[in-house]
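# Fold and geometry: a report
Listed below are the residues making up each chain.
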There are 2 protein chains.
Amino acid sequence: MTTTAIIVAAGSGSRFKSDTPKQFLEINGKPVIVHTIERFQSAPSVDSIVIVLAADQTLDTSEFPKVLKEVTGGATRAESVRNGFEAAEGADIVAVHDGARPLVTVDEIERTIAKAKETGAACLVAPVTDTIKSIRGDEIADTLDRAKLRRALTPQAFRSEVLRRAFDGIDLTESVTDECFLVEKLGHPIAIVEGSSRNIKITHPEDLVLAEALLSAETRY
Amino acid sequence: MTTTAIIVAAGSGSRFKSDTPKQFLEINGKPVIVHTIERFQSAPSVDSIVIVLAADQTLDTSEFPKVLKEVTGGATRAESVRNGFEAAEGADIVAVHDGARPLVTVDEIERTIAKAKETGAACLVAPVTDTIKSIRGDEIADTLDRAKLRRALTPQAFRSEVLRRAFDGIDLTESVTDECFLVEKLGHPIAIVEGSSRNIKITHPEDLVLAEALLSAETRY
């Protein structure tokens, strides 16, 4: 079975009040997105990589032989992933990943893809460490049982035909936080793959500082 | 109405693999707990402060005139808070705070205490930024609606008689993640007070790095 990773790096830099999109800011001298691609390049199960970029972005990927194509993102996350998915035609498995998550490990990538091969759909998750309350209006309604909750990370990997069905007929202009949500709506079971909280998404400026600290503490990925 | 802040700093350093408990590790040249006390010392609504420390810990609080007492923590968080609460006798309002949350702002402290004066119980919360899934066994069960979830932070403030009733008859050896949970069990409504995600709890070594970055970016607290 062939596997294509779809790395989505089409977001804007709006939360950074910066002209540089967050994926292109540098950690330890290299853009975030380059750290991310390195990990998928190093993952044995990944045969090829499709990068989804904003229309005005370019990226030199000549050092990454697995990078098959760069495609242009859409107006929404779902549209960007769909564009990447079209470019991954022929792959048996696709693994969708946020370009702004440079700290994913090769082991996490491998386990997520292996689980998707086995079950059809797999989601990398991390424990919920905070106490989570449900609210009703301006009051606390309940304390949720953390043991039964997980934070959805990426990669999220699927048999292509499963993701194809999930995309069929959805409104791509709607806000979709993750691809698993689409597959959940199909009713297809999604296996969870336990991952690490270190796999943060670079969203705010302070996340860059944290990512630098985490990268420096890594011995290998 | 008089208000006492109970700052709980009795935890161990187990997650740091360090002999120094996390509250005593330094950020920008000062122990975490000292940063935390500074903020309560600066909050106009706080009349006095009780610090709960582990039996083998000492802390020089001579520069903080509001610090009324240092008391020794118990075997569990609930026991530690209860010990602090006994020492806060006479206060109309108590505000319980994690010593390992040095980034709380004076404004957050003030708003939480004001809300507890008004309603009897108030909890500082932050938005949930991750996609949260509920799980069933090894599979995803559902995607929760983030808009209806909050992360419970501290301070959590209560009219003393409300917290008194919440402590009455509970098993202090049980694991209690936060005091609001006890008050929820009473059936007393708890108002939420929207706070910032910057108010992190120092739990892992990399949190110290993040806290340093956040502190350096602050212009005032």
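Residues numbered from 1 in each chain as written. Chains lettered and ligands numbered in written order. Predicted model: local features only at pLDDT ≥ 70, side-chain atom pairs only at ≥ 80, totals over all residues. Heavy atoms only, no water.

### Overview of unusual backbone geometry
All names here are of chain A. Between Thr154 and the following residue, Pro155, the backbone shows a cis peptide bond with an omega angle of 15 degrees. Structurally, Pro155 is set in strand β10 (residues 149-159). With a phi close to 45 degrees, Asn28 is a non-glycine residue in the positive phi region. The partly exposed category is assigned to Asn28, whose relative accessible area is 43%. (Helix = DSSP H or I, 4+ residues; strand = E, 2+ residues; numbered from the N terminus. Buried < 20%, exposed > 50% of the residue type's maximum accessible area, 1.4 Å probe, protein only.)

### Here's the deal with the interface of chain A and chain B
Taken together, the contact pairs 37 residues of chain A with 37 residues of chain B. Buried surface at the junction of chain A and chain B, summed over both partners, amounts to about 3,100 Å²; 63% is from carbon and sulfur atoms. Among the residues of chain A in contact with chain B, Lys133, Ile135 and Ile140 of chain A are the three that bury the most area, contributing 18% of the side total. One can count 6 salt bridges joining chain A with chain B. (Contact = heavy atoms within 4.5 Å. Buried area = accessible area lost by both parts, 1.4 Å probe. Salt bridge = Lys/Arg side-chain N within 4 Å of Asp/Glu carboxyl O.)

### Quick look at helix α2 (residues 77-87) of chain B
By the burial criterion, the buried members of α2 of chain B are Ala78, Ser80, Val81, Gly84, Phe85 and Ala87 of chain B. Those residues of α2 of chain B that are buried are in contact with β1 (3-9), β4 (48-53), β5 (67-72), β6 (93-98), α4 (160-167) and α5 (179-186) of chain B.

### So, the packing of α4 of chain B against α5 of chain B
All names here are of chain B. Axis separation between α4 and α5 bottoms out at 9 Å; the angle between their running directions is 85 degrees. Judged by the inter-axis angle, α4 sits roughly perpendicular to α5. The segment α4 lies against α5, with Val162, Leu163, Arg165, Ala166 and Phe167 engaging Glu179, Leu182, Val183 and Leu186. (Axes fitted to C-alpha atoms, helices over the stretch in contact; angles between N-to-C directions. Parallel < 35°, antiparallel > 145°, perpendicular 65-115°, else oblique.)

### Examining the side chain of Thr112 of chain A
All names here are of chain A. Within the secondary structure, Thr112 sits in helix α3 (residues 106-119). Taking relative accessible area as the criterion, Thr112 reaches 0% and is therefore assigned buried. What Thr112 contacts, discounting residues up to four positions off in sequence, is Ala122, Leu124, Pro155, Ala157 and Val193.

### Considerations on the nonpolar core
In this structure, Ile6, Val94, Cys123, Leu163, Phe167, Val183 and Ile190 of chain B are the most contacted members of the largest nonpolar core, which totals 32 residues. Looking at this core, the elements with two or more residues in it are β1, β4, α2, β6, β7 (121-127), β10 (149-159), α4 and α5 of chain B. If near-sequence neighbours (up to four positions away) are discounted, Ile6 of chain B is found in contact with Val50, Val52, Gly84, Phe85, Ala88, Val94, Ala95, Val96 and His97 of chain B. Val50, Val96, Leu163 and Cys180 of chain A belong to the second largest nonpolar core, which has 31 residues in total. (Core = buried A, V, L, I, M, F, W, Y, C linked by side-chain atoms within 4.5 Å.)

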